[in-house]
Structures are given as structure tokens and as C-alpha cells.
Amino acid sequence: MNQKRILIPLNKNSYEVIIKGGIINSIGEELNRIGINKQRKILIVSNEEISNLFGEKVLNSLKKDNFSANIFNIKAGESHKNIESLNDIYNSAFKFGLDRNSLMIALGGGIVGDVTGFAAATWLRGIEYIQIPTTLLSMVDSSVGGKTAVNHPKGKNLIGAFYQPKAVFIDPETLVTLPSREFKAGMAEVIKYGIIKDKVLFEYLEDDKNRDKILNLDNESLIQIINNSIQTKACIVSEDERENGIRAILNYGHSFGHVIENLCGYGEYLHGEAISIGMKIAGDIATEKSLWLKEDSVRQNNLIESYGLPTQTPKIKKNDVNTILMGDKKVRDGKMRFILPKKIGEVDIFNDIDESHFLKYFD
Ligand code: GLY
């Protein structure tokens, strides 16, 4: 059966991402394979919906291989990506007696993954954790690379740590139960990889036959686009694990995306929808500054729209946009940094973009 293994090569604690249909039913075997001792206690963190779909499968597979595990569900949704959910995980870790040798498993989408990762980074000063992402977005982005966080009332992901997982197990078959809107939102991150570094992926996504296969959840096509996305992420993260430089290009479309999510209310636009609009704005700025050709910008926007994603900027006020951008983590020494495309497959970091270049896209 088709499967892919990708090494995330880091100075310390390199790890593997395995992409394989049905892997959710053999997590016990996988833990054995990577040398996890059966005496170690395991806490699976998920949410109710994902637990109902996949919790038993993971538990049964662990039991079959003589691991002892419990599941704890946090509340679903961005509004629960906070200190309270973190505290709930700590309480559960205490209840089940998790010690320094224990293991957490994040089973779910990006929110579960980010909060569990941060809980693992901080429980008893850090225990190991595994990512089992169940949404396209978390498969291609948040489960890989070690960014863990919870939100603060003043902003998204303001409290967090770089803390790499021990392994990432991706089962594309779990996407069958993902609502179509969420699947499409995940495609925004895949398209992002095409624009920032992988022209071949971009062209693969443009092909009508491939698009049909992807949108019909053809296993081989899913493995291919997830693999290509993670290969790019692996290459960037291994060069700049803590985002001192090049890793920022993974945030293409995200500055304006975060503004839109924040000002329209989290939930109005899914993350991938907001960054689709963000990529459109970044592309327009790049066209205006003659950084890339108008036809590249048109190709980008057509591709985004062909996967059912939005490109139309919602009505939000210029002043509010500026306030949010200045509070963004991407501001360094008071200067805003933007990732803009130079051609399909190449972007760069720009510090010289002033308000006049982007405020005109807002009310
Ligand atoms: N999601 C962007 C990154 O991992 O750096």
C-alpha cells in the first residue's frame, strides 16, 4: 500500500512523519516501532466529535499492543483554545498520574494539536507527545514543525512554545468524515506551499483531473499533496526551527488572514478561507509593486477559487486593520514584515511595505 515517510531533520530531536491510509488502526504497532516502552502511561487528548469517530480505534490499537491509555476531551472550537482547556488537560494528567516518562497523543485538528503540544511542553517541564492530525489543515501544517500555543484574550497563539512532537502519524482516510468546507479550507495551505516553494505542486493542483480526484478524496492524490506539502515544510523548518528568518515564508497570506479572522469574528471565516483572501491581497500588492507578473496573480486567484475558496475582502475598517497588524507576532521592532510572491514557487520577506500599499483594500 502507498505510504510516505518524511524525516524532519533538526539539530536535536529529528522525527518522522508517516502518511498511510488506515494507520489510525495501527498506532500501537507504530509506537512499538519507534521504541515507546509499554510501561509508559498515555493520555490521548481530543474533542468529543473526533473521539467519537476515531477514539475507540486508537484505544483498541494501543490495547492490542499492550499499551495503557486514557482519553480526555477538551471543548471544541477556537474560543476554547485557551488557558482553561490547558488547565483541564493538566487536571486530567494529574488524575491519570502522568509522570515524566508519560506520553500525550493529540488526536484531532489544529486546535487539539496546538493545545496538547503546549500541555506536553509544560507538564512536568516537558513530556513527549505524538501528533495524529485528522483535518487536512493540521496534516499539512500545524501538526509538523513544533509550534504549540493557546490564545490570549489579546491575540491568537500569544502563549506558546516551540516543542517538536516525537512522531506524526497521518491517516488520509480520516478525511472522509471531514466537512467539505473544512477540507477546502485545508486546501488553502496546500496551495500556499505551491506559491511559496513548489511550482510543480501548484501545476499539479491546477490540473482539472487532479482537482476532481483531490475533491473526491482519492487516497493516492491525497497522499501526494500531503507529502509534497510536508516536504516543503520539513525543508524550511529544518533550516529555521524557531522562525528567526526563512520560516516566516510559511506565513504567506497569514498577516491579512489573521486580521480577517480577528475582525470578522473567529468562526465567520475558517482559517484557510481567511488566508485565501490574505494570499489574494498579498498577490495584488506584489502585482502593484511589479514583484511578479499580473498573469501569475490571476493564476493564483483562479486556483484558490477553483477549490471553492473565497478571494473577496470583507468590509473591515482601515484603522482596525492597522491596530491588529501592529499587534501581530510578525511585527519585529515596530516594523511590519510581509511575505510577497516574486513568481509562482518563490516568495520573499519584505520590510518596506507601508500602509499605502495595503490599506486601500479595506474600508
Ligand atoms: N504555520 C506556520 C509555521 O508552522 O511556521
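Above this note sits the structure.
Quick look at the structure, then. Source: prediction; values computed, not measured.

## Notes on the overall build of the protein chain
Counting its regular elements, the protein chain contains 14 helices and eleven strands. Taken against the 2.2 N^0.38 rule, which gives 21 Å for 363 residues, the C-alpha radius of gyration of the protein chain at 20 Å falls within 12% of a compact globule. Here the C-alpha coordinates of the protein chain stretch approximately 60 × 45 × 35 Å along the principal axes. Across the 363 residues that make up the protein chain, the buried fraction comes to 56%.

## Topic: the sheet that holds strand β6 (residues 128–133)
Strand order in the open sheet made by the seven strands is β1-β2-β9-β6-β5-β3-β4, with mixed pairing throughout. The open sheet is flanked by β1 (3–8) and β4 (68–74), the only strands paired with a single partner. For this sheet, the mean inter-axis angle between neighbouring strands, taken without regard to orientation, is 20°. The sheet contact formed by β1 and strand β2 (residues 15–20) spans six bridges and is antiparallel. Bridge assignment links Leu 7 to a residue of β2, and that residue is Glu 16. Its contacts with the sheet put helix α4 (residues 110–122) on β3 (41–47), β4, β5 (103–108) and β6, and the angle it makes with β5 is roughly 170°.

## Quick word on the site of the ligand
Looking at the ligand, the residues that line it are Asp 141, Lys 147, Lys 233, Glu 243, Arg 247, Leu 250 and Asn 251. Residue Asp 141 places a side-chain N or O atom 3.0 Å away from a nitrogen atom belonging to the ligand. Lys 233 is positioned with one of its side-chain polar atoms (N or O) 2.6 Å from an oxygen atom of the ligand. Compared with its free state, where it exposes 200 Å², the ligand has 90% of that area covered by protein.

## Some words on the pattern of salt bridges
Opposite charge on two side chains allows them to pair when their charged atoms are near. Here the structure, examined in full by the defined rule, presents 21 salt bridges. A salt bridge links Glu 16 to Arg 5, with the nearest nitrogen and oxygen atoms 3.3 Å apart. Here Glu 16, found in strand β2, pairs with Arg 5, found in strand β1; they are eleven residues apart in sequence, far enough to count as distant. The partly exposed category is assigned to Glu 16, whose relative accessible area is 26%. What you see here is one network of salt bridges that share partners, running through Arg 5, Glu 16, Glu 30 and Arg 33.

## Description of the side chain of Arg 40
Summarising the element assignment, Arg 40 is placed in the loop between α1 (27–33) and β3. At 2.6 Å, the side chain of Arg 40 forms a polar contact with the backbone oxygen of Asn 101. Among all residues touching Arg 40, those that are not within four sequence positions of it are Ser 68, Asn 101, Ser 102, Leu 103 and Glu 128.

## Some words on unusual backbone geometry
A positive phi is found at Asn 13, a non-glycine position, where the angle reads about 60°. Structurally, Asn 13 can be placed in the loop between β1 and β2. Accessibility expressed as a relative area gives 57% for Asn 13, which makes it exposed. Even without being glycine, Asn 157 reaches a positive phi, approximately 55°. Relative to the elements of secondary structure, Asn 157 occurs in strand β8 (residues 155–162). Look at Asn 157 and you get buried, because its relative accessible area is 19%.

## What to know about the packing of helix α11 (residues 271–288) against helix α12 (residues 294–306)
Two elements in contact, α11 and α12, have axes separated by 9 Å at closest approach and are oriented at 170°. Relative to α12, the element α11 lies roughly antiparallel. Together, Ser 276, Met 279, Lys 280, Gly 283, Asp 284 and Thr 287 of α11 and Lys 294, Ser 297, Gln 300, Asn 301 and Ile 304 of α12 make up the contact between the two elements. For the contact of α11 with α12, the per-class residue count stands at two nonpolar, six polar and three charged.

## Section: the environment of Arg 181
By secondary structure assignment, the location of Arg 181 is in helix α6 (residues 180–196). Overall, Arg 181 belongs to the partly exposed group, its relative accessible area being 42%. Beyond its immediate chain neighbours, meaning those up to four positions away, Arg 181 contacts Gly 267, Glu 268, Tyr 269, Leu 270 and Glu 273.

## Structural notes on the pairing of β4
Where β3 and β4 come together, seven bridges link them in parallel fashion. Its bridge partner being in β4, Ser 46 is matched across the sheet by Asn 73. Assessed by its sense of winding, the connection that carries the chain from β3 through helix α2 (residues 48–64) to β4 is right-handed.

## So, the packing of α6 against helix α7 (residues 199–206)
Their axes nearest at 6 Å, the elements α6 and α7 cross at an angle of 130°. On the basis of their axis angle, the class for α6 and α7 is oblique. The interaxial crossing formed by α6 with α7 has left-handed handedness. Taken together, the residues of α7 that come into contact with α6 (itself represented by Met 187, Val 190, Ile 191, Tyr 193, Gly 194 and Ile 195) are Lys 199, Leu 201, Phe 202 and Leu 205. Partitioning the contact of α6 with α7 into residue classes produces eight nonpolar, one polar and one charged.

Reading the values: the criteria
Chains are numbered independently. Their residues run from 1 in the order of the written sequence. For this predicted model, a pLDDT threshold of at least 70 governs which residues receive local features, and a threshold of 80 or more governs which side-chain atom pairs are given and counted, while totals over whole chains, interfaces and linings are taken from all residues. Side-chain numbers come from the whole structure's heavy atoms, not from hydrogens or water. The numbering of helices and of strands both runs from the N terminus, where a helix is a DSSP run of H or I of at least 4 residues and a strand a run of E of at least 2. It is over C-alpha atoms that the radius of gyration is taken, and the globule rule equals 2.2 Å times the number of residues to the power 0.38. Exposure classes here rest on a 1.4 Å probe applied to the protein chains alone. A residue is buried below 20% of its type maximum, exposed above 50%, and partly exposed in between. Between any two strands, at least two bridges found by DSSP are needed for them to pair. An axis is simply a line fitted to the C-alpha atoms; with a helix, the fit covers only the stretch in contact. Between two such axes, the angle follows the N-to-C directions and lies from 0 to 180 degrees. By definition, residues are in contact when any of their heavy atoms lie within 4.5 Å. One heavy atom within 4 Å of a molecule or strand is enough for the residue carrying it to be called near that molecule or strand. Throughout this description, a polar contact denotes any pair of N or O atoms lying within 3.5 Å of each other; where both atoms belong to protein, one of them has to be capable of donating a hydrogen while the other can accept it, and for residues adjacent in sequence the pair is counted only when both atoms sit in side chains. For accessible areas, the Shrake-Rupley method is used with a probe of radius 1.4 Å. Any residue's cover is judged against the shown protein chains and nothing else. A pair is scored as a salt bridge if a Lys or Arg side-chain nitrogen falls within 4 Å of a carboxyl oxygen belonging to Asp or Glu. Any angle that is under 35 degrees is reported as roughly parallel, and any over 145 degrees as roughly antiparallel; angles of 65 to 115 degrees are reported as roughly perpendicular and all others as oblique. Asp, Glu, Lys and Arg are counted as charged, while Ala, Val, Leu, Ile, Met, Phe, Trp, Tyr, Cys and Pro are counted as nonpolar; the rest, among them Gly, fall into the polar class. For a crossover, the right-handed case is the one in which the path from the first strand over the helix to the second runs clockwise, viewed with the strands pointing away from the viewer. Crossing handedness follows the turn of the near helix against the far one: under a right angle anticlockwise gives a left-handed crossing, and clockwise gives a right-handed one.

From the geometry alone we can't say anything about function, so treat these as descriptive.
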